[in-house]
Amino acid sequence: MEKRGTFGSKLAIVLTTAGSAVGLGNIWRFPFMTGQNGGAAFILIYLGCVFLLGIPGMISEFIVGRHSQSNAARAYGNLGYKNGRLIGYLGILTSTIILGFYAVVAGWCLQYLYASIAGHLNGDTTYIVEYFKSFSSDPIRPCLWGVGFVVITHFVVAQGVEKGIERASKLLMPLLMIILIILVIASCLLPGAGKGIDFLLKPDFSKVSGSVFLEALGQAFFSLSLGTACLCTYASYFKKETNLLKSATQIALLDSGIAIMAGLMIFPAAFSVGVQPDSGPSLIFITLPNVFRQAFESMPIVGFIISILFYALLVFAALTSTISMHEIGTAFFHEELHWARSKAAWILTIVCATITIFCSLSVGAYSNLQLFGMPLMDFCDFLTAQIMLPAGAFFTSILLGWFVEQRLLINEFTNNGALKATFFKAYLFSVKFIVPLCILLIFLHQFNLI
Ligand code: PHE
């Protein structure tokens, strides 16, 4: 049998897994959610969710993946419960659908990167709004950019674990951090930026309601790539010596740190030109091009460079995430059906690209492409982020907390006794009670049952 890949070093493990976690969820979704839900108060609740529920959830997926060192379906089936395999299948399906619609927005980012370089984003507010409308309602262009993004992802994944995934993350993650630091500094130096910084750092608890907690929890799970078998697949490439608790904590810190920095990049600039940061999903395609133009009116060349850097940042962040979503299905087809890696990757690419085309059309030229009264794209987002992803995390917790032998968990947690088990009890308590209960609450609240 061919030798299975592993990530080469500790740094590679953190960068690849953080690459999966850091994505449009941090740089696009987190800022607008923060804008809509009360700024710093939302961030505090979000951080609470990451540490109380996110880290235990991550460790669980790491344990499943590293224990069996195989694709998600086999890994979940290898814990002593055959039906566990179903959770693996659920994860593979979830990440395939997420990749399908995520690539639509990633494709828009790629198109905006091109537009910034070509100087097509220069114009007043009406022009920028019209530009977005005419691009997104075109039947062909957004589909091509979205499919292009899936194909780029394909070529990285087809190269394999070390040569493709690890190498891409080692290049893209440092670049991403450098660009982010430059943009945060540029934004915080603008006149009047202080109001934006205050908004991010001074909590206003008057906006906090039950639904803010739920939004924060959903955002934490999506941002950490939890519940999609993605972390489990990546952990199957970890080494036996990898400290799972430490890795989960480092990745969660990095992911949250980058999300907060994305806020520090967007809010000071937005407040500096008097734009409200609560515009929702169109924030990065309409609000920000406007902000860049106004903020750097006297220095258009700086505005031009900032805009290129910003869209490059989004493309890099999205790419390291789409790679991880693609790898889940590719590893499954490759190992379970014994297809060559490249064939496995192509089949997945074709499936995802098809979803991308339909999702893209549903929010553009063919708005009648609907399911349950929602455009197909929104439906896929709702189905995965609000139902399938929490379900994956819920069943993982139940399986590990209540069914799998504790010996197995403690052995993985402590690397067969090489590490101290100090936090094991806290982990187990969270996985048994806190994680499933909180997810259950979201579910019930979502369908207005509580
Ligand atoms: N965590 C990624 C982000 O924040 C999205 C993602 C979800 C990646 C699920 C992989 C699996 O954008």
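Because the structure is a prediction, the values reported are computed rather than measured. (Residues numbered from 1 in each chain as written. Predicted model: local features only at pLDDT ≥ 70, side-chain atom pairs only at ≥ 80, totals over all residues. Heavy atoms only, no water.)

J.: Whenever I open this one, the overall build of the protein confuses me. Can you help?
T.: Check the secondary structure of the protein and you find 18 helices and two strands. Taken over the C-alpha trace, the protein has a radius of gyration of 21 Å; the compact-globule value for 450 residues is 22 Å, and the two agree within 12%. Principal axes of the C-alpha set define a box for the protein whose edges measure 65 × 50 × 45 Å. In the protein, which comprises 450 residues, the proportion classed as buried is 57%. Taking the contacts inside the protein whose residues are at least 6 apart along the sequence as the reference set, 81% of them involve residues at least 24 apart. A total accessible area of about 17900 Å² is found for the protein, and carbon and sulfur atoms account for 68% of it. (Helix = DSSP H or I, 4+ residues; strand = E, 2+ residues; numbered from the N terminus. Rg over C-alpha atoms; globule rule 2.2 N^0.38 Å. Buried < 20%, exposed > 50% of the residue type's maximum accessible area, 1.4 Å probe, protein only. Contact = heavy atoms within 4.5 Å. Areas by Shrake-Rupley, 256 points an atom, 1.4 Å probe, with all protein chains shown as cover.)

J.: How should the pattern of salt bridges be read in this particular structure?
T.: For the structure on display, the rule yields eight salt bridges. Across the salt bridge formed by R66 and E412, the nearest N and O atoms sit 2.7 Å from each other. You can see R66 sitting in helix α3 (residues 40-68) and its partner E412 sitting in helix α17 (residues 406-413), a full 346 residues away along the chain. Note on accessibility: R66 and E412 belong to one class, buried. A salt bridge links R85 to E336; the nearest nitrogen and oxygen atoms lie 2.7 Å apart. One end of the pair, R85, is in helix α5 (residues 85-117); the other, E336, is in helix α14 (residues 300-336), with 251 residues separating them in the sequence. Residue classification places R85 among the partly exposed residues on the basis of a relative accessible area of 23%. It is possible to trace a salt-bridge network through shared partners that takes in R66, K240 and E412. (Salt bridge = Lys/Arg side-chain N within 4 Å of Asp/Glu carboxyl O.)

J.: Whenever I open this one, empty space enclosed by the protein confuses me. Can you help?
T.: Empty space among the atoms can be located by rolling a probe the size of a water molecule over them. The tally for this structure, following the rule as stated, stands at four cavities of 30 Å³ or more. Roughly 140 Å³ of internal volume is contained in the largest cavity. Lining the largest cavity are 18 residues; nearest its centre among them are S20, I98, F222, S225 and M325. Looking at which element gives the most residues to the lining of the largest cavity, the answer is α14, with three residues. Class assignment of the residues belonging to the lining of the largest cavity gives a composition of ten nonpolar, eight polar and no charged. What the second largest cavity holds in volume is close to 70 Å³. Lining the second largest cavity, in full, are L183, A186, S187, L190, M265, A269, F292, F296, I306 and F310. Contributing elements (two or more residues each) for the lining of the second largest cavity: α8 (161-188), α12 (244-272) and α14. Among the residues making up the lining of the second largest cavity, the classes are represented as nine nonpolar, one polar and no charged. (1 Å grid on protein atoms, 1.4 Å probe; cavity = no way out; pocket = protein on both sides within 12 Å on 5 of 7 lines; lining within 4 Å. Points joined across faces, edges and corners; volume = space filled by probe spheres on them. Nonpolar A, V, L, I, M, F, W, Y, C, P; charged D, E, K, R; others polar.)

J.: Where do I start with the nonpolar core in this structure?
T.: Soluble globular proteins: nonpolar side chains tend toward being buried together. If you look at the biggest cluster of nonpolar residues, it comprises 150 residues, and the most contacted ones within it are F7, L24, M58, F62, M265, F310 and L400. In this view, L400 contacts S60, I63, V64, L79, L409, Y427 and V431; residues no more than four positions away in its chain are not counted. (Core = buried A, V, L, I, M, F, W, Y, C linked by side-chain atoms within 4.5 Å.)

J.: Sorry, what's going on with the packing of aromatic side chains here?
T.: Ring pairs (aromatic) are described by centroid distance and by the angle formed between their planes. Throughout the structure, instances matching the rule amount to 33 aromatic pairs. With centroids separated by 5.5 Å and ring planes inclined at 70°, the aromatic side chains of Y81 and F403 adopt a geometry described as edge-to-face. On the criterion of sequence distance, the pair formed by Y81 in the loop between α4 (72-77) and α5 and F403 in helix α16 (residues 376-403) is long-range, its members being 322 residues apart. When its relative accessible area of 45% is taken as the criterion, F403 is described as partly exposed. A network of ring pairs unites the aromatic residues W108, Y112, Y127, Y131, F132, F135, F285, F292, F310 and Y311 as a single cluster. The residue whose ring lies beneath R29 is F222, and the NZ or CZ to ring-centre distance is 5.7 Å. Sitting over the face of the ring of W402, K432 holds its NZ or CZ atom 4.7 Å from the ring centroid. (Phe/Tyr/Trp six-rings, centres within 6.5 Å; stacked < 30°, edge-to-face > 60°. Lys NZ or Arg CZ within 6 Å of the ring centre and 35° of its normal.)

J.: Explanation requested: the side chain of T96 in the structure shown.
T.: Inspection of the secondary structure assignment puts T96 in helix α5. What T96 contacts, discounting residues up to four positions off in sequence, is L348, V351, C352 and I355.

J.: Would you mind showing me how to read a nonpolar patch on the surface here?
T.: Residues Y81, W402, F403, F429, F433 and L437 make up a contiguous nonpolar surface patch of about 630 Å² in total accessible area. For the nonpolar patch, the secondary-structure elements that each account for two or more residues are α16 and α18 (424-446). Considering each element in turn, the nonpolar patch owes the most residues, three residues, to α18. For F429, the position within the fold is in helix α18. (Patch = residues over 30% accessible without salt bridge, like charges linked within 9 Å, V, L, I, M, F, W, Y side chains within 5 Å.)

J.: I tried to follow the packing of α5 against α14 on my own but got confused; where do I start?
T.: Helix packing geometry: the angle between the two helix axes and the distance between the axes. Where α5 meets α14, the closest approach of the two axes is 8 Å, and the angle between their N-to-C directions is 155°. When the interaxial angle is binned, α5 and α14 end up roughly antiparallel. When you trace α5 past α14, the crossing you get is left-handed. Grouping the amino acids of the contact of α5 with α14 by side-chain chemistry returns 21 nonpolar, seven polar and two charged. (Axes fitted to C-alpha atoms, helices over the stretch in contact; angles between N-to-C directions. Parallel < 35°, antiparallel > 145°, perpendicular 65-115°, else oblique. Left-handed = near helix turned anticlockwise from the far one by under 90°.)

J.: Before we go on, may I ask you to explain the site of the ligand in this structure?
T.: Taken together, 15 residues form the shell around the ligand, and within it A21, G25, Y102, F222 and S223 come nearest. At a separation of 3.3 Å, an oxygen atom of the ligand approaches a polar side-chain atom of N26. Here a nitrogen atom of the ligand and a backbone polar atom of F222 are 2.9 Å apart. Isolated, the ligand exposes 320 Å² of accessible area, and the fraction of that covered by the protein chains is 100%. Judged by the proximity of its atoms to the pocket grid, the ligand belongs to the largest cavity. Broken down by secondary-structure element, the contributors of at least two residues to the shell around the ligand are α1 (10-21), α2 (24-36), α10 (210-223) and α14. In terms of residue class, the shell around the ligand is made up of six nonpolar, nine polar and no charged. (Near = heavy atom within 4 Å. Polar contact = N/O pair within 3.5 Å; in protein donor to acceptor, adjacent residues only side chain to side chain. Sits in = over half its atoms within 2 Å of the grid points.)

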